[in-house]
Amino acid sequence: MECVTVFDDDHLLVPDKSVAEGLISASGFSPSSFDALESCPARWVADRVYRGPADAFSPAVVGSGAHKVLELFYAADPTERTNEFFHECLYSVANNPKVDDSQRADWREEVYQASKSIFKIEDPAEINVLGTEIQLKNVDVGGVPFNGFVDRLRDNNGLVYVEDYKTSQKMQNPFFGDSHGDQQRLYIHALRNMGYDIAGANLLYTRIGKIKKVNT
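Small disclaimer: the values here were computed from a predicted structure and weren't measured.

Asks: Before we go on, may I ask you to explain the packing of helix α4 (residues 59-75) against helix α5 (residues 83-94) in this structure?
Replies: Any two packed helices are characterised by the angle at which their axes cross and by the distance between the axes. Relative to each other, α4 and α5 sit at 135°, their axes nearing to 9 Å. In terms of their interaxial angle, α4 and α5 are classed as oblique. As α4 runs across α5, the sense of the crossing is right-handed. On the side of α4, the interface is formed by Gly 65, Lys 68, Val 69, Leu 70, Leu 72 and Phe 73, while α5 contributes Phe 85, Phe 86, Cys 89, Leu 90, Ser 92 and Val 93. Grouping the constituent residues of the contact of α4 with α5 by class yields nine nonpolar, two polar and one charged.

Structural data, given as structure tokens:
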């Protein structure tokens, strides 16, 4: 692979102007971009420039599959959100052409494990969903262009909440940072700038069946 970045003392240089210009999306920074930049700007550049082959069983890809299942599930009428319909959504998502046929059953099981505990968190038939996968594009947040996708907006007795699915093996320890909460706080700021009246945010840990209120 051709090297398009180089270290100069403690700085990472990107000599190729076309590569440098392509680092930032036209729609702005995402929450993960903010988190990576805060952690290590050089690593953020390297991750965007030197992309390795996709692993269908990586946490990110399995998590994306689980998010898609839940997106389909909660886009349906509340009366249709049964366990049987959940599995229909799961099988639909598992027909992902990026997953090899020989691995499809195992991948489907991984996605199921990452999403099935939504039923421990709530009764899906009682959730009033106002929208799913709401795109935020080039929204001004503190003078910085911002983009992202809100998993869902929920109406809870007239109050609107931002809610995000997390497929982590465990909840974050605040002592080591709160990137999950930071993501939702950014979404709240962006949505308010778009005219939404947001009361707060919740994190739904769909693998372990727990919910966490985000401090705002």
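Asks: Would you take a moment to explain the layout of surface pockets for this structure?
Replies: Empty space among the atoms becomes visible once a probe the size of a water molecule is rolled across them. Its volume calculated, the second largest pocket comes out at about 230 Å³. Counting residues per element, the lining of the second largest pocket draws most heavily on α4, at four residues. Residue composition of the lining of the second largest pocket, by class: six nonpolar, three polar and three charged.

Asks: Can you help me understand the packing of aromatic side chains in this one?
Replies: Here a ring pair, both rings aromatic, is described through the centre-centre distance and the interplanar angle of the planes. The final tally for this structure, using the stated rule, is eight aromatic pairs. Measuring from ring centre to ring centre gives 5.5 Å for Phe 73 and Phe 86, while their planes differ by 90°; the resulting arrangement is edge-to-face. Highlighted residues: Phe 73 in helix α4 and Phe 86 in helix α5, separated in sequence by 13 residues. Of the two residues examined, Phe 73 and Phe 86, each falls in the buried class. When the ring of Phe 146 is compared with that of Tyr 187, the centres are 6.0 Å apart and the planes differ by 65°; the resulting orientation is edge-to-face. Taken as a pair, Phe 146 in strand β4 (residues 144-156) and Tyr 187 in helix α8 (residues 179-193) lie far apart in primary sequence, 41 residues in all. Each member of the pair, Phe 146 as well as Tyr 187, is classed as buried. Through pairs of rings, three or more aromatic residues link up here, namely Phe 73, Tyr 74, Phe 85, Phe 86, Tyr 112, Phe 119 and Tyr 165. When the ring centre of Tyr 74 is taken as reference, the NZ or CZ atom of Arg 152 above it lies at 4.7 Å.

Asks: Mind showing me how you'd approach the sheet that holds strand β6 (residues 200-205) here?
Replies: Across a sheet, paired strands are connected by hydrogen bonds in the backbone, their directions being either parallel or antiparallel. Pairing in this open sheet of five strands is mixed, and the strands run β3-β4-β5-β6-β7 from one edge to the other. Two strands bound the open sheet, and with one partner strand each, they are β3 (128-141) and β7 (210-213). Geometrically, the sheet is characterised by an average inter-axis angle of 35° between neighbouring strands, direction not taken into account. Contacts from α4 reach β3, β4 and β5 (159-166), with the element oriented near 125° to β3. The sheet strands contacting α8 are β3, β4, β5 and β6, and the helix crosses β3 at an angle near 80°.

Asks: How should the side chain of Gln 184 be read in this particular structure?
Replies: With respect to the element layout, Gln 184 can be found in helix α8. Contacts of Gln 184, omitting those with residues within four sequence positions, involve Val 162, Asp 164, Ala 201, Leu 203 and Val 214.

Asks: Can you walk me through the side chain of Gln 183 in this structure?
Replies: Take Gln 183: it is sitting in helix α8. Engagement of the side chain of Gln 183 in a polar contact is seen with the side chain of Lys 166, the distance being 2.7 Å. A polar contact is formed between the side chain of Gln 183 and the side chain of Gln 184, at a distance of 2.9 Å.

Cut-offs used in this document
Residues numbered from 1 in each chain as written. Predicted model: local features only at pLDDT ≥ 70, side-chain atom pairs only at ≥ 80, totals over all residues. Heavy atoms only, no water. Axes fitted to C-alpha atoms, helices over the stretch in contact; angles between N-to-C directions. Helix = DSSP H or I, 4+ residues; strand = E, 2+ residues; numbered from the N terminus. Parallel < 35°, antiparallel > 145°, perpendicular 65-115°, else oblique. Left-handed = near helix turned anticlockwise from the far one by under 90°. Contact = heavy atoms within 4.5 Å. Nonpolar A, V, L, I, M, F, W, Y, C, P; charged D, E, K, R; others polar. 1 Å grid on protein atoms, 1.4 Å probe; cavity = no way out; pocket = protein on both sides within 12 Å on 5 of 7 lines; lining within 4 Å. Points joined across faces, edges and corners; volume = space filled by probe spheres on them. Phe/Tyr/Trp six-rings, centres within 6.5 Å; stacked < 30°, edge-to-face > 60°. Buried < 20%, exposed > 50% of the residue type's maximum accessible area, 1.4 Å probe, protein only. Lys NZ or Arg CZ within 6 Å of the ring centre and 35° of its normal. Pairing = 2+ DSSP bridges. Polar contact = N/O pair within 3.5 Å; in protein donor to acceptor, adjacent residues only side chain to side chain.

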